[in-house]
Amino acid sequence: MAKLKIGYAPTRREGFSVQAALQYKSLIWEKLQEFDADFINIDDVNEYGMLDSEESALKAVNLFRENMVDAVFFTHCNFGTEFAQGRVGKELNKPVLLWAPQDERPAPHAVRTRDAQCGLFAAGKVFRRFNVPFTYLTSCKAEDQKFMFGMDTFLAATRVVKSFNECRILQIAPRPQAFWSVICNEGELLEQFGIEVVTITLSELVAKTKEILESGGDDYNETLEYMEQFNTSPLGDTQSVKMIAALKSAMKLFCYQNSCTAVALQCWNALQKEVGLVPCFANGLLTDEGIPVVCETDIHGAVSAVIMQAAVNETAFFADMTIRHPDNPNAELLWHCGNFPPSLARNKKEVSAGKHVLMNPCYPGVGEFELKQGNVTICRFDGDHGRYSLFIGEGKTVEGPSTHGTYVWVEVDDLNGWEYKLVTGPYIHHCSVGYGRTAHVLYEACRYIPYLKADPSNPTDREILLRLIHGSIIE
């Protein structure tokens, strides 16, 4: 993703020290340069470059709109002017972060210069009056780890919201007949979330794949060169390698032509009859390039993949929750036929492309490798009967039996509880997974997505709120 643009909106109120407010405005601006985002200041809205009136609020709104900011960071440099903040937040309708640097120790018998925390209470109430959802970072010093954690969380949540709002799914062919579990309501996705589904037929994909196979192209040639690092001998012939590269390039081309951010593909079984190939390895290659591809025309799965990719800000993978670990009662096999991104392999030298052992005949085109170890976050966007929620959970990878396809074993806190929540709905076995512990990011992002309820399993709602309040992941 391109860098986020964040509107920096420091605020002050008459009656408190101008000098102290300006000092903190500058101090915080310098601290913001440490984050990977572009911050837009409001120096030109008035003499002090801070929100303090209706006029300054309207100027700030226009400035932030011109710069197309993705979110707004309100900082109380002293008590602040809450109605000006409310006006900006309401007009822009973007994610909002509210914070104040911790007040200084009062000097003996001296007038306090800021009372910034006091202003936060007023601002929170006004945002509620304006129906502006906001993220609150508890008052602390700018150099505190809590500030770093809170800002990182907010930026990641903003990425999720931005990606979700720009979500446009390329659907290639209808769902396989047997997969009633991936039925979705395309109308509701558009009406409630603005998510567009662009459809093309399987014959269009096949025709473009064969065209690229014959004529080549830069992306096709680069993909072939990239695949030289993997073991492709199990495919049986070089023609299958070329077909994988052509199929990946064809899907990528259709995404660019239709401004799509993810793909939901009918991966079996008509495609195999047309090109003699399963698309799994090609799916993983395209996912590695930032365009997640999900199986069995799972539109909700594609949305889940967009969400997770934005939360971790790197490659995520799409998996089945498949079987329980034979020895660990709280571990589960995250698996799929062979579609995981090769960049996430435990040992990249052992990545191979082979044949699908569950099909008859055994078509070529699957990946065969285990994923790397680490903490993971799992999510599933799903819904029915007009209500949607986001399943959220965290776990860690563990050792387990090897198996075919692409896989990793993951231990969670209470697999029975997870199974109950997933089976009773509105979820299925498909999920998107990213490395790292980002449940709090997903939880916070749901605050800004109307009609989507955060539904955490582990950590719980309370545990996530404690992370957000205290600015750290509590073990």
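Residues numbered from 1 in each chain as written. Predicted model: local features only at pLDDT ≥ 70, side-chain atom pairs only at ≥ 80, totals over all residues. Heavy atoms only, no water.

Taken in spatial order, the five strands of this open sheet run E2-E1-E3-E4-E5, and their pairing is parallel. The open sheet has two edge strands, strand E2 (38-40) and strand E5 (135-136), and neither has a second partner. Inspection of the sheet shows strand E1 (residues 5-11) paired to strand E3 (residues 71-76) by six bridges, in the parallel sense. Each residue of the ladder has a partner; that of Gly-7, found in E3, is Val-72. (Pairing = 2+ DSSP bridges. Helix = DSSP H or I, 4+ residues; strand = E, 2+ residues; numbered from the N terminus.)

Bringing the sheet that holds strand E9 (residues 293-294) into the picture now. With parallel pairing, four strands are arranged side by side in an open sheet as E7-E6-E8-E9. The open sheet terminates on both sides in strands that have one partner only, identified here as strand E7 (196-200) and E9. As defined by bridge partners, strand E6 (residues 168-172) adjoins strand E8 (residues 262-265) across four bridges and the pair is classed as parallel. Residue Gln-171 lies in a different strand from E8, and its bridge partner there is Ala-264.

We now examine the environment of Pro-341. Its place among the elements puts Pro-341 in the loop between strand E11 (331-336) and strand E12 (352-355). A sequence separation of 119 residues divides Pro-341 from Thr-460, and the C-alpha atoms of the two residues are 29 Å apart. Discounting residues that sit within four places of it in the chain, Pro-341 has contacts with Gly-284, Thr-287, Asp-288, Thr-315, Ala-316, Phe-317, Phe-369 and Leu-371. (Contact = heavy atoms within 4.5 Å.)

Turning to helix H14 (residues 439-446), a few remarks are in order. The element H14 is largely enclosed, with a buried count of eight among its eight residues. Of the positions making up H14, those classed as buried are Ala-439, His-440, Val-441, Leu-442, Tyr-443, Glu-444, Ala-445 and Cys-446. (Buried < 20%, exposed > 50% of the residue type's maximum accessible area, 1.4 Å probe, protein only.)

Among the nonpolar cores identified, the biggest contains 69 residues, and Phe-73, Phe-147 and Phe-381 are the most heavily contacted of them. Beyond its immediate sequence surroundings of up to four residues, Phe-381 is in contact with Phe-164, Leu-189, Phe-193, His-300, Val-303, Ser-304, Ile-307, Tyr-388, Ser-389, Leu-390 and Leu-452. (Core = buried A, V, L, I, M, F, W, Y, C linked by side-chain atoms within 4.5 Å.)

By themselves these figures say nothing about function.
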